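One-letter residues, chain by chain:
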Amino acid sequence: CENSARKTKTPEEEMDDALSSADRPFTPSINKVSDFQSSEIRKQSMVRFLYYSGEESRRFIIDSGASYHLIAWRDLTAKERKTVVKVEPIELSTANGVVPVKHEVRIYLRAFRFSINAYVIKDVPPILSLGLLVLEQGMTFNWDREKGSEPTLKLKNGRVAALPLGCNVPYV
């Protein structure tokens, strides 16, 4: 039996409710280095990274066609939801049409040991913009098919992150 008086809120409605009190100042979430997990592969400088968000693992697609880092409300941790702030509204052109953007969140990426700002939108997988990683974080992307190697991102500190593939799409 359904309760017709109870309406399930959409993720966007939940986000608006969470922010209705007032815009909160950003407080970065600093995670301990001991939480960082990695294992050596092939070379000493080559490291495969696995990113964990709390107890659940969360994978970010590395997208060369994305202009911004993106994430859905449903993929944010409880701690991250508390850091979401309203931003000047913009519209993004996506494969599903034009999508309004009104919120942004700061996300710490343990795999890379730095934080990024991501727009919070409805129904999007977690996406990291390859362009922003290269331009803002000084990373270098490489994928040498001739050598049969995995795609990699070289960090500013010289460490190399091997990116696993899912359906021919690199992720971290």
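Placed above this text is the structure.
In this text, all values refer to a predicted model and were calculated from it rather than measured experimentally.

**Observations regarding the pairing of strand E8 (residues 97-109)**
Phase 1 of the analysis: The pairing of strand E7 (residues 85-94) with E8 spans seven bridges and is antiparallel. Counted as the bridge partner of Ser-93 is Val-98 from E8.
Phase 2 of the analysis: Turn length for the E7-E8 hairpin, with the two strands adjacent in sequence and antiparallel, is two residues.
Phase 3 of the analysis: Bridge count between E8 and strand E9 (residues 114-120): seven bridges; the pairing is antiparallel. Within the sheet, the bridge partner assigned to Tyr-108 lies in E9 and is Ser-115.
Phase 4 of the analysis: Between E8 and the antiparallel strand that follows it, E9, lie four residues; Arg-113 among them carries a positive phi value of about 65°.

**Some thoughts on the pattern of salt bridges**
Phase 1 of the analysis: Summed over all chains, the structure comprises three salt bridges.
Phase 2 of the analysis: One salt bridge in this structure joins Arg-58 and Glu-80, with 2.9 Å as the shortest N-O distance. Here the residue Arg-58 occupies a position in the loop between strand E4 (56-57) and strand E5 (61-63), and Glu-80 occupies one in helix H2 (residues 78-81), the gap between them amounting to 22 residues.
Phase 3 of the analysis: You can call Arg-58 buried: its relative accessible area is 6%.

**Thoughts on the nonpolar core**
Phase 1 of the analysis: Residues Ile-107, Phe-112 and Leu-128 are the most contacted members of the largest nonpolar core, which totals 24 residues.
Phase 2 of the analysis: Counting residues per element, the ones that place at least two in this core are E8, E9 and helix H3 (130-137).
Phase 3 of the analysis: If one sorts the elements of this core by residue count, E9 sits on top with four residues.
Phase 4 of the analysis: Val-99, Val-101, Ile-121 and Ile-127 belong to the second-largest nonpolar core, a separate cluster that totals 10 residues.

**Notes on the packing of aromatic side chains**
Phase 1 of the analysis: Taken as a whole and judged by the stated rule, the model has two aromatic pairs.
Phase 2 of the analysis: Geometrically, the ring pair formed by Tyr-68 and Tyr-119 is edge-to-face, given 5.1 Å between the ring centres and 65° between the ring planes. One end of the pair, Tyr-68, is in the loop between E5 and strand E6 (70-71); the other, Tyr-119, is in strand E9, with 51 residues separating them in the sequence.
Phase 3 of the analysis: Its relative accessible area of 34% is what places Tyr-68 among the partly exposed residues.
Phase 4 of the analysis: Judged by relative accessible area, which is 15%, Tyr-119 ranks as buried.
Phase 5 of the analysis: Measuring from centroid to centroid gives 5.6 Å for Phe-112 and Phe-114, while their planes differ by 15°, and the two rings are stacked. The two residues Phe-112 and Phe-114 agree in class, both being buried.

What counts and how
Residues numbered from 1 in each chain as written. Predicted model: local features only at pLDDT ≥ 70, side-chain atom pairs only at ≥ 80, totals over all residues. Heavy atoms only, no water. Pairing = 2+ DSSP bridges. Helix = DSSP H or I, 4+ residues; strand = E, 2+ residues; numbered from the N terminus. Salt bridge = Lys/Arg side-chain N within 4 Å of Asp/Glu carboxyl O. Buried < 20%, exposed > 50% of the residue type's maximum accessible area, 1.4 Å probe, protein only. Core = buried A, V, L, I, M, F, W, Y, C linked by side-chain atoms within 4.5 Å. Phe/Tyr/Trp six-rings, centres within 6.5 Å; stacked < 30°, edge-to-face > 60°.

In short, geometric facts, not functional conclusions.
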